[in-house]
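Listed here are the chains, written in short residue letters.
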Amino acid sequence: MTYAIDGWFAISPQDGVHLIGTRCTGCGTVCFPPRRGSCPNPRCPGTDMEALPLPRRGRVWSYTNACYPPPEPYVAARPYEPVTLAAVELDEVGIVVLGQVKGLTVDQLEVGMELELTAGPLADGPLVWMWGRAS
Amino acid sequence: MSAVAVLGTGLHPWGKWGRPFLEYGVAAAREALRDAGLEWTDVQYVVGADTIRNGYPGFVSGASYARELGWNGARVASCYAACASGAQALDIARARILAGLCDVALVIGADASAKGFFRPVGGDRPDDPDWLRFRLLGATNPAYFALYARRRMALYGSTPADFAAVKVKNALAGSLNPMARYRKPVTAEEVLASPMVADPLRLMDICATSDGGAAVVLASESYARRRGTGFVRLAAVSTVTPVFPNTVLELPDFATDSTAAVPAPERPFRAAIAHAAYEEAGTGPEDLSLAEVYDLSTALELDWMEDIGLCPPGEADKLLRDGRTALGGSLPVNPSGGLASFGEAIPAQALAQLVELTNQLRGRAGSRQVPGARVALAANQGLFGHGSAIVATT
Ligand SMILES: [Zn+2]
C-alpha cells in the first residue's frame with residue numbers, strides 16, 4: 001500500500017494505525033506533524049527530536065464536512081460524497097489533530113465524543129490517516 | 001507611543017470586475033491622494049501590500065504601483081502577510097515616519113481574485129502545509145471556519161439562527177455602503193435556506209473572494225499639523241505572533257501545539273493581537289465607539305467580539321441579539337458591512353478596515369455614521385501566524 005505522505009503515520013498489524021509525532025529530548029514537547037530541527041518551545045534550545053507513536057484515541061474538539069468537492073490538489077471521488085472532517089484532541093499529549101472521518105457523517109458526530117485512529121484511501125488510491133468510531 | 005496621521009483614504013469599489021489588480025490599487029491611491037490634498041510627487045515612501053495570485057507584479061506590488069503612477073524616485077517596500085498584509089504595510093510606513101525618515105507615505109493594497117474556493121498556488125509542494133491540507137484532507141478555508149463555528153455551538157450554545165443574525169446585520173450595513181460588493185439586505189430565512197457548504201456554515205455565512213483596492217496616505221503628526229486640515233490618528237498597529245503553545249487549530253495547520261510540556265498562554269492568539277493594540281494605544285475595549293472585525297464567517301464575528309474584549313467568552317450572541325452591535329446600537333461592529341458585504345480582497349482588506357475607521361472618526365460615514373465616534377479598532381487574522389489589529393482615534 002502507498003501512503004499519501006511518508007513518516008506521518010504507521011500501520012502495524014499488532015497495534016493498528018497511529019500518528020507519528022516527535023518529542024523534544026530537552027523539554028518533552030510533543031509535535032505533530034513530526035518535526036526536525038529546533039524545538040517549537042521558544043524557551044528550549046533543544047534540537048534533538050525523537051519519533052514516537054501518538055495516542056490512538058482522543059475526543060472530538062470540533063467537526064465539519066465539505067459539501068462541495070474540494071479543489072485540487074485534492075482528488076475528489078466521483079460521484080462525490082461529502083468528506084467529513086474532525087479535529088480530535090489526543091489523549092495525554094494535548095494536541096488537536098485534523099483528519100478525515102471514515103464511516104461517520106456530521107449527524108453522527110458530537111463535540112467531546114471519543115474517536116480512534118484508522119486509515120483509508122484517498123480517491124486516487126494512497127492511504128491517509130482517518131478518524132473512525134472508537135472500538 | 002506617538003501616533004501618525006491618516007491624511008487621506010481611497011477605495012476602489014469591491015466586486016468581481018475581472019480587471020488587473022493594479023487598476024484597482026491605482027484608482028484607490030489617486031483617490032487617497034485627492035482626499036489628502038497631495039500630489040503623487042509629494043509621496044516620499046510607497047508601500048505595497050502584495051497579492052500572491054497575480055504573478056510577479058503582485059509580489060513586488062510597491063514598485064508595481066510606483067511604476068504605474070509614474071516613477072517619482074520615492075523609496076519603496078512590498079510585503080505579504082496573508083490577510084494582515086495591509087496592516088503590515090501600514091506598520092512599515094508608520095515605522096519609517098516615526099523614525100523621522102520621511103513625512104509622507106502612501107500605502108496601497110489591491111487584489112483580483114479567481115472564482116470559488118481559495119486554492120493553493122500551483123505545483124506539487126509536499127513541504128508546504130497549505131498545499132498538503134488540500135491534498136491529504138481536502139480541508140478548505142471554510143472547513144476551518146466551520147470547525148470554529150461548531151466548537152462555538154458546543155461550548156456556548158450558539159445556533160445557526162445566531163449566525164444568520166450576524167449576516168442580516170452586516171448585509172443591512174453593507175446596503176448603505178456604496179463601496180460594498182453586496183448591497184442587498186437579506187433575511188435570516190434566506191441565510192438559513194442557502195446551501196450548506198461546511199456544516200454548520202451555509203453559503204451566506206461565508207465571505208466571498210472579491211476584487212478591490214484600498215489606499216491610505218500617512219504622514220507625521222508635525223507635517224499634518226502644518227497642513228492644518230485636521231486628521232485621524234493611527235494610534236496602534238499590532239502584528240504580534242502567537243505565543244507557544246497555540247492551542248487553537250489555525251489555517252492551514254494539521255494540528256495545534258502540544259500542552260504536554262508548557263501550559264497554554266494567558267491569551268489565545270486572536271485576543272493577544274487585540275490586546276497588544278490596546279496596550280500600544282493606551283486604550284481598552286471600554287473606550288471603543290465601533291469595531292471592524294474579520295468576519296470570514298458569521299460565527300467568527302462572534303468569536304472576534306469576545307477576543308477584542310467587548311464581552312466575556314460566550315456572551316457575544318446576546319450582544320448581537322440585543323442589537324448592541326448593529327448600526328444605532330451602543331457599539332456597532334462592522335458598520336462598513338464587513339466581509340459579509342465586501343468579500344475578501346486579501347491585501348486590500350486590512351486597509352479597507354482603516355478606511356472605514358477613518359470615515360467614521362471624521363464623521364463622514366453618511367447613513368452608516370456612528371454618532372460621536374472617537375476611538376475605533378480593526379482586527380484580522382491571516383494564515384501561518386499573521387494577524388493584526390489597529391486602533392485609530394480622533
Ligand atoms: Zn524542547
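Residues and elements named next belong to chain B. Read from one edge of the open sheet, nine strands run β3-β2-β4-β7-β1-β8-β11-β10-β9, paired in mixed fashion. Unpaired on one side and paired on the other, β3 (75–79) and β9 (290–293) mark the two borders of the sheet. Adjacent strand axes in the sheet meet at a mean angle of 20 degrees when their direction is disregarded. Sheet analysis places strand β2 (residues 45–49) next to strand β4 (residues 104–111), joined by five bridges and oriented parallel. Residue Val-46 lies in a different strand from β4, and its bridge partner there is Leu-106. Contacts between helix α14 (residues 346–361) and the sheet are confined to β1 (4–15), β2, β4, β7 (211–219), β8 (232–238), β9, β10 (375–381) and β11 (387–393), with β1 contributing the most and set at about 120 degrees to the helix.

On to the nonpolar core. Ranked by internal contacts, the top residues of the largest apolar core, which has 98 residues, are Phe-32 and Trp-129 of chain A together with Ile-308 of chain B. The element that contributes the greatest number of residues to this core is helix α6 (residues 141–156) of chain B, accounting for eight residues. With sequence-adjacent residues up to four places away left out, Phe-32 of chain A is seen in contact with Trp-8, Leu-19, Ile-20, Leu-54, Ile-95, Val-97 and Trp-129 of chain A together with Phe-254 and Ala-255 of chain B. Ala-180, Leu-218, Phe-342 and Ala-392 of chain B belong to the second-largest nonpolar core, a separate cluster that totals 39 residues.

Here we take up the interface of chain B and chain A. By convention, interface size is frequently given as the accessible area that disappears when the constituent parts associate. Contacts between the two partners involve 38 residues from chain B, matched on the other side by 45 residues from chain A. Here chain B packs against chain A, burying approximately 3400 Å² in sum over the two surfaces, 67% of which is carbon and sulfur. For chain B, the biggest contributors to the area lost against chain A are Arg-135, Leu-136 and Leu-137 of chain B; these three give 20% of the whole. Across the chain B-chain A interface, the total number found is one salt bridge. Linking chain B with chain A are 13 residue pairs in polar contact (both at pLDDT 80 or more), by the criterion used here. Among the elements of the structure, α5 (129–137), α6 and β5 (196–198) of chain B are those that each provide at least two residues to the side of chain B that touches chain A. The element that contributes the greatest number of residues to the side of chain B that touches chain A is α6 of chain B, accounting for eight residues. In terms of residue class, the side of chain B that touches chain A is made up of 26 nonpolar, five polar and seven charged.

This paragraph deals with the pattern of salt bridges. Residue and element names in this part refer to chain B. Overall, the coordinates contain 27 salt bridges over all chains when judged by the stated rule. In this structure, the salt-bridge partner of Arg-34 is Glu-31, at a minimum N-O distance of 2.8 Å. On the criterion of helical spacing, the pair formed by Arg-34 and Glu-31 is a turn pair, its members being three residues apart in helix α1 (residues 21–36). On the basis of relative accessible area, Arg-34 is assigned to the exposed category, the value being 57%. Where Arg-321 meets Asp-162, a salt bridge forms, and the shortest distance between an N and an O atom there is 2.8 Å. Of this pair, Arg-321 sits in helix α12 (residues 316–321) while Asp-162 is found in helix α7 (residues 160–174), placing the two residues 159 residues apart along the sequence. Given the relative accessible area of 48%, Arg-321 is considered partly exposed. If you follow the salt bridges from partner to partner, you end up with Arg-152, Arg-270, Asp-303, Glu-306, Asp-307 and Asp-317 in one network.

Parameters and conventions
Residues numbered from 1 in each chain as written. Chains lettered and ligands numbered in written order. Predicted model: local features only at pLDDT ≥ 70, side-chain atom pairs only at ≥ 80, totals over all residues. Heavy atoms only, no water. Pairing = 2+ DSSP bridges. Helix = DSSP H or I, 4+ residues; strand = E, 2+ residues; numbered from the N terminus. Axes fitted to C-alpha atoms, helices over the stretch in contact; angles between N-to-C directions. Contact = heavy atoms within 4.5 Å. Core = buried A, V, L, I, M, F, W, Y, C linked by side-chain atoms within 4.5 Å. Buried < 20%, exposed > 50% of the residue type's maximum accessible area, 1.4 Å probe, protein only. Buried area = accessible area lost by both parts, 1.4 Å probe. Salt bridge = Lys/Arg side-chain N within 4 Å of Asp/Glu carboxyl O. Polar contact = N/O pair within 3.5 Å; in protein donor to acceptor, adjacent residues only side chain to side chain. Nonpolar A, V, L, I, M, F, W, Y, C, P; charged D, E, K, R; others polar.

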